[in-house]
Amino acid sequence: RDYDELQTAFCDDWVQQKGGTCPHPTPQSEAHLYLLYGHLVCGKHVAARAVRSIRRAVELDPTMLPAHNLLAKIYLGQGRFDSALGSLERSLELDGGNWEALIQLQYVLHRRGLLDSPRGREVCEAVCGRVKTLVAARGVKRDP
């Protein structure tokens, strides 16, 4: 779709889904508009349209971290663990400390029986390390 057509579709879907008037998003880029549209149609459980839109966002801007994260969530919801794995790994390439991607990746590796693999152990260590840091920062004491 071209930019104007996509923005019109976003507003039409917004009104149908949320009611009221469209907030006329001011996207930062064409890729951002595709991501916004993907979020909107994802909420309508129209996964195929959401995936197409978000993939387009990634084509336009491969560094758009929220697009990779959302794509992974959709794939997880569909039980497409291999596809989710690719999106999550790309998210972590962009931001190795991405908590959302780490947690989801641990789940995918668990579902695929790969927690004992080198990558599985690495992800588990990262998640456990982050949890320990958060617990320590909040001053939570261990049970006796």
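Residues numbered from 1 in each chain as written. Predicted model: local features only at pLDDT ≥ 70, side-chain atom pairs only at ≥ 80, totals over all residues. Heavy atoms only, no water.

Some details on the overall build of the protein chain
(1) Moving on: A tally of regular secondary structure across the protein chain gives 7 helices and 0 strands.
(2) Moving on: From first element to last, N terminus to C terminus, the protein chain shows the α and β order α-α-α-α-α-α-α.
(3) Moving on: For the protein chain, the proportion of its 144 residues judged to be buried stands at 37%.
(4) Moving on: A total of about 8,500 Å² of accessible surface is found on the protein chain, and carbon and sulfur atoms cover 53% of it. (Helix = DSSP H or I, 4+ residues; strand = E, 2+ residues; numbered from the N terminus. Buried < 20%, exposed > 50% of the residue type's maximum accessible area, 1.4 Å probe, protein only. Areas by Shrake-Rupley, 256 points an atom, 1.4 Å probe, with all protein chains shown as cover.)

Some details on the pattern of salt bridges
(1) Moving on: Following the criterion strictly, the structure yields 6 salt bridges and no others.
(2) Moving on: One salt bridge in this structure joins Asp82 and Arg112, with 3.0 Å as the shortest N-O distance. Placement of Asp82 in helix α5 (residues 81-94) and of Arg112 in the loop between α6 (99-111) and α7 (118-138) is noted, with a sequence separation of 30 residues between them.
(3) Moving on: Residue classification places Arg112 among the partly exposed positions, given a relative accessible area of 35%.
(4) Moving on: Its salt-bridge partner being Glu89, residue Arg119 comes within 2.7 Å of it at the nearest N-O pair. A residue pair is termed long-range when its members are at least 10 positions apart, and Arg119 in helix α7 and Glu89 in helix α5 qualify at 30 residues.
(5) Moving on: Overall, the relative accessible area of 25% leaves Arg119 in the partly exposed class.
(6) Moving on: The class for Glu89 is partly exposed, based on a relative accessible area of 21%.
(7) Moving on: When salt bridges that share partners are traced, they join Glu89, Arg119 and Glu122 into one network. (Salt bridge = Lys/Arg side-chain N within 4 Å of Asp/Glu carboxyl O.)

Considerations on α6
(1) Moving on: Compared with an ideal rise of 1.5 Å per residue, which puts 13 residues at 18 Å, α6 spans 19 Å between its outermost C-alpha atoms and is within 8% of the ideal.
(2) Moving on: Taken as a whole, α6 has its buried residues at Ala101, Leu102, Gln104, Leu105, Val108 and Leu109.
(3) Moving on: Turning to α6, the residues buried within the fold contact α4 (65-77), α5 and α7.
(4) Moving on: Sitting at the amino-terminal end of α6 is Asn98, which places a side-chain oxygen 3.2 Å from the backbone nitrogen of Glu100.
(5) Moving on: Following α6 by one or two positions, Gly113 has its phi on the positive side, about 70°. (Expected span 1.5 Å × (residues − 1). Contact = heavy atoms within 4.5 Å. Polar contact = N/O pair within 3.5 Å; in protein donor to acceptor, adjacent residues only side chain to side chain.)

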